[in-house]
Amino acid sequence: MATEKNLLLIDGSSIAFRAFYAMYNQLDRFTNAQGVHTNAVLTFNNMLDSLVDTMQPDNILVAFDRSGGTFRTKKFSDYKGNRDRAPEELLEQLPYIKRLLDDHGMAHYDLQDWEADDIIGTLAKQAEAAGWTVTIVTGDRDLTQLATDKVTVQVTKKGVGELEAYTPAHIQDKFGLTPKQIIDMKGLMGDTSDNYPGVSKVGEKTALKLLLQFGSIENLYAHLDDLKKSKMKENLINDQANAFLSKDLATIRQDAPLTIGLEDTAYTGPDIDKLRALYTELDMRQALNKLNKQAPQVQPDLSYVVLDDSNLAQVTAISEPISFEIEMLTENYHTAEPVGFFIGTATQTYVSTDVTLLTMPAVKAWLAQKQDIAVFDAKRNIVAGTKLGLVLDHIDFDVLLASYLLNPDQNSNDFGQIAQDHDYQLEFDVDVYGKGAKLKLPEESQLFQHFARKSAAILALKPHLLQDLDDQDQTSLFTQMELPLAKVLARMESTGITLHQATLTQMGAQYAQTIKVLEEKIYAEAGLEFNLNSPKQLGEVLFEKLNLPVIKKTKTGYSTSVEVLEQLRTASPIVQDILDYRAVSKLQSTYVKGLLKAVLPDNKIHTRYLQTLTQTGRLSSVDPNMQNIPARGDGKLIRKAFVPSQPGWQIFSSDYSQIELRVLAHISGDANMQEAFKEDRDIHANTAMKIFKLDSPDQVTPDMRRQAKATNFGIVYGISDFGLAKNIGITRRQAKAFIDGYFEQYPQVHDYMDKMVALAREQGYVETLFHRRRYLAQIHSRNFNQRQFAERTAMNTPIQGSAADIIKVAMIRMQQMLADHHLQSRMLLQVHDELIFEGPEAEMATLAELVPKVMDSAVALAVPLKVESSFGPTWYDAK
DNA sequence: TGGGTCACG
DNA sequence: ACGTACGTGACCCAC
C-alpha cells in the first residue's frame, strides 16, 4: 500500500566536496592516530544529524558519482574535462563517509556511466509518482531544475552551514523562471565548472532576458528572426549546436536504469554500536560524545552497598586491590566539600555520602596500611584525604596520570572523557552533576550508581593502562616518578604559602593612586575619557584620533602591545603613560587583587599544580598561578608579601642554572657545549665568542653576550632566523649568520635537531630522557606553518621535558631528604627550575648544603648540574 | 567564548 | 610564497 512518505535525496559527492572545503583550513586539525583526515566525514556527519532532525525523513538515499566517464562524456568528451582529481585527503575519506551512511542506516548508491544527479532525478520522479514528498540536498544549483510542488531542492550556502530552499515559487521569485527553464539557462550560458560551452558572451543576465522573451532554447531558435541584428544574434547563430548540446548535458535524466527502487531507500536508523566503533576509529570525539549522550550505552545497573556504622567491617575485611575516591563536585579541591566516597572491589562497591565514616579508627587504620589502591586523580584524593586526617600512602594506580603519560593529549579531568578515550563507556561528571549554575548533587541512587560505575571503570582500565605503559617503556616513569610526585605535590599544596595580606593591601592602595593619576593624565592627553583596558578603544584613540603611525595589526584591529608602544614612545607623551598604566594595572588586578582573592582562611595561598596538563611534562599552576609571580622590575616587590608561616622562619630558594642548555649539551652529546659546562664557563659568553669568532672572553661586550643569550634560547626553542632577528632586533641576514655560526661551533647540536625531526617523522612522537612521550601528528602536515611548528616542538620537547623530569626526580628525593633529616623545613613551591621552601632560621645552613645536593644529583648527565641558593625573610629576599 | 595583553620559566 | 621561537595562566573586553 502506498503511503505518503518523506524522502531525502542527498548529492553525496557534491556534499562531501563542500564539506571537505568548508573545513579545509582545519584540515590537519582533524586526523586520527593513523593520520586519516576526518574533516569531511565530520562535517558530513553533522549535516546528516541536522537533516534527520529537521526533516524526520522516512526514506533516505545518498547518491554518489562513480569515477570514470559517464554517458555525458561519450556525448562530449571534454565534459568536466577541466577538473583536477580530488585531493587525496578527500578521497581517503569517501569510504568512511559510505561506512558512516551504512552505520546510520541510510542507503547510498552509485551507478556506472551515470552521475549522482541522474540517480537523484530518477528517484525523485519515482517518488513523486508515488505521492511522496522529496527533499534534495546538494551543493550544486543545477539540481534546482528538479523542483516541483512535491520536490524541494536545498542548496548549501556558505560552506555547508546554511541551506537555501529552491521551490518553484522561490525560483520564480529569484530568476523569473520555471525550474525546467533552469536547463535552458544553463544551455545558453554553459558551465565553466562542468566545462561545457553554451553560447559565446551569454551570461546569466542575457540568458534570463532571452528566456523571459522566448521561454525555451527551442522557441528562441524558432524565432531567431525576431531578434534585431546584433553581435549577440550572430553568436546565437554560430553557437547553436553548442546551445543544444549544453542544454542536453545540463538536463538531469530521470530515467536512469537504477538497480534499486524506492523500497530500498527506507531509513532504518543508526546502529549505535557500529557508529561508536567508527567514531572511535576516526577519533571523532565530538560525535562520540554526542552519541553517548543521546544513546548512552545500556549498562546494567551495578550493585552497591551503602555503608553505615553497622556494616563498616565489610570494608575493613577487604584484602584484594581496591578502587577509591572521595568525590567533590567542584574543581578546586582545596575549597570543595566532599559529597561522598566509594571503595570498590571487582565484585562490589561500597558507597556513602558520609565521609566521616572514613575517619572511624578502624577504617582509617585499614586505609593507611592498604596496598593496591587505584584512583582517578591521585593528588586530588590525597589532598581531600589529608583534610579528613587520612593517610593514603599506597595509591599505586591513577587512571588520569597513566592516561596522561600514554598521551599527554588525553588529560581531560572528566573521567567520562578519559574512559571514552580508552574505549570504556562511563557517564561524564558534567552529565551527572551538571555544571555552572546547574551544578547540583543528584539523587542518592543516581550518585551511588555513578560511583559504582566509576569504581568499575577504574578497576577495568587499570590492567590495560598498565600494559600500555609497559609497552611504551613508561612503567618506571609512572611508578617511580609521577605517582610519588603526586604525593609530594599534594603535600606542598596542602601546606600552602603564607601571604602577608597587609603588605599587598598597602601596595594596592599605592597602585590605586598611581592608576588614578595616570588615568587622568592620559584622558587629558587624549582629549577624551575612554576605557583604557580596552585595546579596541585604545587603538582608536592612538591611531585614529592622535594619528600615530600603525606599526602592527592584529586579527581584530590595531595592535597596542608593548613592542608597538615602545616604538611609539617618542611619538607622543601619552605612550609612556599608557605603558606605565598597563604595568601598574597588571600588578593591581592580577597580583594584588588576584592574590588577595585567593587567600584562604588560614592566611595562605594553596595553589593547585596541574600534573596532567602540559604537553612537555612541566607542571602548571592555577588558582592562583604561583609560577608567574613577578620576578623583575617593580613587580618583584609583590614577592615581599610571601612570607614564612611562622615567626623566626625564613624563605629559602634554590634554582637550577641553565638546566635546559645543560640538558641539550647532554642529549646532543655536543663536545664543545659539554666542555663549556664542565669548565663552568659563562655559557652565554662562550656562545658569544663562538658566534662572533672572538679569541678571548675579554672581547665579549655586554651586548654580544645579550645577543648570544638570545641565540641560546632560540636554539632551545627550535630556532628560525626570522624569530631570532625579531627578538633581538637585528636583520634576518645577521640572525642567519648567528645561527650558522652557532651550528658550526656546536655541530652535534645541529645533528640533534635534525635527528629529533627525523625521529618525529618516523615514529610520530618524541621522548624525554625518562621516556615521557609527545605525539606530533602535524609533523606530516601539508600546511607549512603547522608542519614547521611540529618540527620546532620536536626539537624543544625533549629539552624542556627532560628538564621537567629532572626537577620532578629532585622533588621526590627532596621530600625524602627532609624527612630523613627530621627537618621542620618544607617545600612550598616549584617554578619549573626553582624550588621554594620555608623553615626555621636555624635550618637554613642545612638547607643550603643539602638542597643543592639533592637537586644536582637527581640525574647524572654528561655535564654537571649547577644549583644556586639563597634565603631571606620573604620570597623577595630569597634571591 | 575568543582574542589581546602580559606575567613567569 | 608562506609566517615563524618553546611551555604556561589570569585578567579584561567584546561578541
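Residues numbered from 1 in each chain as written. Chains lettered and ligands numbered in written order. Predicted model: local features only at pLDDT ≥ 70, side-chain atom pairs only at ≥ 80, totals over all residues. Heavy atoms only, no water.

Novice: How should I be thinking about the nonpolar core in this particular structure?
Specialist: Within soluble globular proteins, side chains that are nonpolar tend to cluster in buried spots. Within the largest apolar cluster, 180 residues are counted, with the highest numbers of intra-cluster contacts made by L595, I638, F642 and Y656. Of all the elements, helix α34 (residues 784-820) adds the most residues to this core, at 12 residues. Every residue in contact with I638, bar those within four places of it in the chain, is listed here: L504, M507, Y511, L587, Y591, V592, L595, I629 and P630. Listed in part, the 50 residues of the second largest apolar core include L143, V153, L211 and L227. (Core = buried A, V, L, I, M, F, W, Y, C linked by side-chain atoms within 4.5 Å. Buried < 20%, exposed > 50% of the residue type's maximum accessible area, 1.4 Å probe, protein only. Helix = DSSP H or I, 4+ residues; strand = E, 2+ residues; numbered from the N terminus. Contact = heavy atoms within 4.5 Å.)

Novice: Help me out: how do you make sense of helix α13 (residues 272-281) in this one?
Specialist: Turn by turn, an α-helix covers 3.6 residues, leaving residues three or four places apart pointing in a common direction. Every buried residue of α13 is listed here: L275, R276, L278 and Y279. All buried residues of α13 fall inside an arc of 165° around its axis, so they share one side. In this fold, the buried residues of α13 make contact with α2 (39-55), α5 (94-104) and α14 (285-294). Among the residues trailing α13, D283 stands out with phi positive, at a value near 55°. (Arc of directions from axis to C-beta.)

Novice: So what exactly am I meant to see when it comes to the protein's contact with DNA strand C here?
Specialist: Surrounding DNA strand C, one finds 38 residues, the nearest of these being N531, S534, S620, G714 and R774. For DNA strand C, the fraction of protein-proximal atoms (within 4 Å) that sit in sugar or phosphate groups is 59%. Q615 places a main-chain nitrogen or oxygen 2.9 Å from a phosphate oxygen of DNA strand C. Contacts to DNA strand C include R792, whose side-chain N or O atom sits 2.8 Å from a phosphate oxygen. Breaking the surface near DNA strand C down by element, the ones donating at least two residues are α26 (573-598), β16 (620-622), α30 (702-717), α31 (721-728) and α34. (Near = heavy atom within 4 Å. Polar contact = N/O pair within 3.5 Å; in protein donor to acceptor, adjacent residues only side chain to side chain.)

Novice: Would you mind going over the pattern of salt bridges with me for this structure?
Specialist: Opposite charge on two side chains allows them to pair when their charged atoms are near. All told, the structure shown has 43 salt bridges when counted by the stated rule. Here K521 ties to D577 by a salt bridge, and the two come within 3.1 Å at their closest N and O atoms. Pair noted here: K521 is in helix α23 (residues 501-526) and D577 is in helix α26, with a separation of 56 residues, a long-range link. Looking at D577, the relative accessible area reads 5%, which means it is buried. Here R772 ties to D805 by a salt bridge, and the two come within 2.9 Å at their closest N and O atoms. You can see R772 sitting in the loop between β19 (765-767) and β20 (773-775) and its partner D805 sitting in helix α34, a full 33 residues away along the chain. With respect to class, R772 is no different from D805; both count as buried. One salt-bridge network, held together by shared partners, links R72, K80, E115 and D118. (Salt bridge = Lys/Arg side-chain N within 4 Å of Asp/Glu carboxyl O.)

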